[in-house]
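These are the residues of each chain, in order.
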Amino acid sequence: STRIVLAARPSGEPTSSDFRTETVELDAPGEGEVLLETLYLSLDPYMRGRMNDAESYAEPLALGQTMVGQTVSRVLESAAPGLAPGDVVLAGSGWQTHSVQPADRLIPLTDPPTPLSTALGVLGMPGMTAWTGLLTIGDPKPGETVVVAAATGPVGSAVGQIARIKGARAVGIAGGPEKVAHLRELGFDAALDHRAEDFAEQLAAATPDGIDVYFENVGGRVWDAVLPRLNTFARVPVCGLVAGYNATGLPEGPDRSGLLMAKVLQKRLTVRGFLVHELAAGQRERFLQEMGQWVAEGRVRYREDVTEGLENAVASFVGMLRGDNFGKTVVKVSD
Ligand code: NDP
């Protein structure tokens, strides 16, 4: 198997020297295990956090450990009841071409979606993140205004489109004119470029009735512009803060946490962090049924950014954190 391991802890943006490619011989699968071949590897922003040696909701990766990640994989050899060569499964194989996994940690894709990569995107973890975070915490009502950034990514694009299905007004924020144009195609009611000099003014103009739900994906400058626009009883599902994932310290300028707490009280805000596997625990079938239908009907559209070959995973991952990706980032590892 060829695999990519964590070679060093990055300071700021990861570089190729923070990763190392290795080739290893795998043992045959033992009782209850299967040998898997990776078809698609998902690259996600959370992986940057796992590279740090810092306290978080997940243990840091050890140096020398294979980079983690969800995969769509094919069974090559099975020593587990119920799984046969050729079966396609969702696995956590990480950044490697082959792996031996215990069968009880796999989710068989008995009715695999087309294309298969959507099991890692709109019909997978990111889609479920949008669905659960928006509907459970955001709870948008008809006529309300929902704002989301990283809005062409798998989480943000689903957030905006589900908001519209629920009758809300969706305002999407993305980096660059091409992405902004795509948001309009997806039916967002307004689309803004966070890199614009006058971004805060543009956001104010695009939210004349204030903001009722801000689905927080990025933090940073976007959050600074959003906070003063939040309405009384606004809900803020805190999903991710990707603008700061490569940061090496706190943001510059005065500490504004006092201002934030004052706003939380004055406006009776609900600000709630969540992890998809906790918030949507036990709801996978319901999610697949609902989202599957929206996708089939064309009410939720998606875009994927597919890179060929595991050897290109590092560049693709580093680029994603910068916004070079256009849609869900996946690596096609094998046919
Ligand atoms: P994306 O595919 O959208 O990739 C990240 C995007 O973030 C980039 O493409 C870029 O888009 C945007 N971005 C990067 N830096 C900035 C910045 N400084 N300001 C504004 N935007 C920036 O990612 P996902 O859809 O996979 O994930 C979105 C968020 O959801 C992440 O924060 C992720 O960590 C979080 N998440 C949380 C989960 C949970 O359980 N809580 C589960 C899954 C994801 P652009 O070019 O538009 O700027």
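Residues numbered from 1 in each chain as written. Predicted model: local features only at pLDDT ≥ 70, side-chain atom pairs only at ≥ 80, totals over all residues.

By the naming in an unreviewed UniProt entry, the protein is Enoyl reductase (ER) domain-containing protein, taken from Auraticoccus monumenti.

## Some remarks on the overall build of the protein
This is how the line gets drawn: Put simply, DSSP H or I for four residues or longer makes a helix, DSSP E for two residues or longer makes a strand, and each gets a number counted from the N terminus. Two things to know: the radius of gyration comes from C-alpha atoms, and the globule rule equals 2.2 Å times the number of residues to the power 0.38. Contact between residues is assigned whenever the C-beta positions, reconstructed from backbone atoms, fall within 7 Å.
Each helix and strand in the protein was counted, giving 10 helices and 15 strands. A globule of 335 residues ought to have a C-alpha radius of gyration of about 20 Å, and the protein, at 20 Å, matches this closely. Long-range pairs, those at least 24 residues apart, make up 66% of the contacts in the protein between residues at least 6 apart in sequence.

## Observations concerning the pairing of strand β11 (residues 211-215)
Put simply, side chains in a regular strand alternate between the two faces of the sheet. What counts is decided by this rule: Exposure classes come from backbone-placed C-beta atoms, where a residue is buried if 20 or more other C-beta atoms lie within 10 Å of its own, exposed if 12 or fewer do, and partly exposed in between. When DSSP finds two or more bridges between a pair of strands, those strands are recorded as paired. When the strands point away from the viewer, a crossover counts as right-handed if the route from the first strand across the helix to the second turns clockwise.
Counted residue by residue, β11 has 5 buried out of 5 residues, so it is predominantly covered. In this sheet, β11 lies alongside strand β8 (residues 145-149) in parallel orientation, the contact comprising 3 bridges. Across the sheet, the residue bridging to Val146 is Val213, located in β11. By the bridge criterion, 2 bridges tie β11 to strand β12 (residues 230-238) in an arrangement that is parallel. Note on β12: the bridge partner recorded for Val213 is Arg235. Chirality of the crossover, the property in question, places the unit of β11, helix α6 (residues 220-226) and β12 among those that are right-handed.

## Notes on the site of the ligand
As a reminder of what qualifies: Think of it this way: take the backbone, place a C-beta atom on it, and check whether that atom is within 6 Å of the molecule or strand, in which case the residue is near it. All amino acids are sorted into three groups, where Ala, Val, Leu, Ile, Met, Phe, Trp, Tyr, Cys and Pro are nonpolar, Asp, Glu, Lys and Arg are charged, and the leftover types, Gly among them, are polar. The source of the domain bounds is an automatic or database domain assignment.
Surveying the vicinity of the ligand reveals 31 residues, the closest of which are Gly153, Gly175, Gly240, Ala243 and Gly323. Breaking the shell around the ligand down by element, the ones donating at least two residues are α2 (125-138), α3 (154-165) and α6. Counted by class, the shell around the ligand contains 17 nonpolar, 12 polar and 2 charged residues. Shared between two domains, the shell around the ligand takes at least three residues from each, and those domains are domain 1 (2-119 + 303-332) and domain 2 (125-278).

## Concerning the domain arrangement of the protein
A common way to report how large an interface is uses the accessible area buried once the components associate. Domains assigned within the protein are domain 1 (2-119 + 303-332) and domain 2 (125-278). Taken together, the contacts link 14 residues of domain 1 with 12 residues of domain 2. Among the residues forming the side of domain 1 that touches domain 2, the class breakdown is 4 nonpolar, 6 polar and 4 charged.

## Some points on the sheet that holds β8
Stated formally: Axis lines are fitted through C-alpha atoms, for helices just across the contact stretch, and the angle between N-to-C directions can take any value from 0 to 180 degrees.
Spatially, 6 strands are ordered β10-β9-β8-β11-β12-β13 in an open sheet, and the strand pairing comes out parallel. Strands at the two margins of the open sheet, each flanked by one partner only, are β10 (190-193) and β13 (270-273). With direction set aside, neighbouring strand axes in the sheet form an average angle of 15°. The pairing of strand β9 (residues 169-174) with β10 spans 4 bridges and is classified as parallel.

## Things to note about the environment of Arg268
Mapped onto the secondary structure, Arg268 falls in the loop between α7 (257-266) and β13. Judged by the 11 C-beta atoms lying within 10 Å of it, Arg268 is exposed. Distance from Arg268 to Thr232, taken between C-alpha atoms, is 6.0 Å for residues 36 residues apart in sequence. The contacts of Arg268, once residues within four sequence positions are left out, are Thr232 and Phe233.

## Quick notes on the UniProt feature "domain: Enoyl reductase (ER)" (unreviewed entry) in the protein
The condition is simple: UniProt positions are given in the numbering used here, feature names are shortened, and annotations may be inferred rather than shown by experiment.
Residues annotated in UniProt with the feature "domain: Enoyl reductase (ER)" (unreviewed entry) correspond here to residues 12-331. Taken end to end, residues 12-331 is 29% helix and 24% strand, and its two terminal C-alpha atoms sit 23 Å from one another.

## Looking at the nonpolar core
Just so we agree on the cut-off: By convention the nonpolar core is taken to be a set of buried residues drawn from Ala, Val, Leu, Ile, Met, Phe, Trp, Tyr and Cys and joined through C-beta atoms within 7 Å.
With 84 residues, the main nonpolar core has Val159 and Tyr214 as its most contacted residues. Here the element with the most residues in this core is strand β3 (residues 33-42); it accounts for 6 residues. Per-domain counts for this core show at least three residues from each of domain 1 (2-119 + 303-332) and domain 2 (125-278).

## Details of the environment of Pro142
Looking at the element boundaries, Pro142 is found in the loop between α2 and β8. By C-beta crowding, Pro142 is classed as exposed, having 8 other C-beta atoms within 10 Å. Spatially, the C-alpha atoms of Pro142 and Leu90 are 36 Å apart, while their sequence positions differ by 52 residues. When sequence neighbours within four positions are dropped, the list of residues in contact with Pro142 reads Lys166, Gly167 and Ala168.

## Re helix α10 (residues 313-322)
Of all the residues in α10, the buried ones are Ala313, Ser316, Phe317, Val318 and Met320. The inward-facing, buried residues of α10 abut β1 (2-6), β3, α1 (46-50), β14 (304-308) and β15 (328-332). Gly323 lies just past α10 and shows a positive phi near 100°.

## Quick notes on the packing of α2 against α3
Short version of the rule: Our angle categories are set so that under 35 degrees counts as roughly parallel, over 145 as roughly antiparallel, 65 to 115 as roughly perpendicular, and the remainder as oblique. Crossing handedness follows the turn of the near helix against the far one: under a right angle anticlockwise gives a left-handed crossing, and clockwise gives a right-handed one.
One can describe the packing of α2 onto α3 by two numbers: an axis separation of 8 Å at closest approach and a directional angle of 45°. Looking at the two axes, α2 sits oblique to α3. Note on packing geometry: the crossing formed by α2 with α3 is right-handed. Contacts from Pro126, Gly127, Thr129, Ala130, Trp131 and Leu134 of α2 reach α3 at Pro154, Val155, Ala158, Val159, Ile162 and Ala163. Across the contact of α2 with α3, the residue classes tally to 10 nonpolar, 2 polar and no charged.

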